[in-house]
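# Structure assessment
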Amino acid sequence: MILSRRLERDEYAFEATLNLLRQRPGINGLYIAGGGIEGVLKAVREAGRERTLPIVGHDLTETTARGLIDGTLKIVLSHPIDAIAKGTVELLVERSLQPQTGWQYAHQNYPMQIFSPESL
């Protein structure tokens, strides 16, 4: 657990990304799935690759929105968190009103949201 928190820190992500870009100058793109995105974007900018390296971020936040606006990020994939939370609560309420023997498997698809600089 301590290691995973360390790996998602901006400082670690900055160093790791800068090293990656130096060791692999031919890298063609990045997908940033989780924490440390501020450090990744800072490293990409420092390496001068913000306009030439396609980068996909995950979840629309203040940081990823800024990255889209300044052109560092090309696309952000995002889960519809509000819809997922609402659907979960509704299912829990529904199930709490039923006898446990009446429960059945429930499955709900939530489409991924895709944000681009133009969509902000």
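Structure shown above.
So, here is what we can say about the structure in this document. Computed from a predicted structure; not experimentally measured.

### Some remarks on the packing of aromatic side chains
- All told, the structure shown has zero aromatic pairs when counted by the stated rule.
- In this structure, Lys-42 is placed above the aromatic ring of Phe-14, and the distance from its NZ or CZ to the ring centre is 4.9 Å.

### Quick word on the environment of Ile-114
- Within the secondary structure, Ile-114 sits in strand β4 (residues 113-115).
- Ile-114 sits 51 residues away from Thr-63 along the chain, and the two C-alpha atoms are 16 Å apart.
- If we skip the residues at most four places from it in the chain, Ile-114 touches Ile-75, Val-76 and Leu-77.

### Observations concerning the packing of helix α2 (residues 10-23) against helix α3 (residues 37-46)
- Here α2 crosses α3 at 35 degrees, and the two axes come no closer than 7 Å. The way α2 lies across α3 gives a crossing that is right-handed. Across the interface between the two elements, Asp-10, Ala-13, Phe-14, Thr-17, Leu-18, Leu-21 and Arg-22 from α2 touch Ile-37, Glu-38, Gly-39, Val-40, Lys-42, Ala-43, Val-44 and Glu-46 from α3.
- Within the contact of α2 with α3, the residues separate by chemical class into eight nonpolar, two polar and five charged.

Calculation notes
Residues numbered from 1 in each chain as written. Predicted model: local features only at pLDDT ≥ 70, side-chain atom pairs only at ≥ 80, totals over all residues. Heavy atoms only, no water. Phe/Tyr/Trp six-rings, centres within 6.5 Å; stacked < 30°, edge-to-face > 60°. Lys NZ or Arg CZ within 6 Å of the ring centre and 35° of its normal. Helix = DSSP H or I, 4+ residues; strand = E, 2+ residues; numbered from the N terminus. Contact = heavy atoms within 4.5 Å. Axes fitted to C-alpha atoms, helices over the stretch in contact; angles between N-to-C directions. Left-handed = near helix turned anticlockwise from the far one by under 90°. Nonpolar A, V, L, I, M, F, W, Y, C, P; charged D, E, K, R; others polar.

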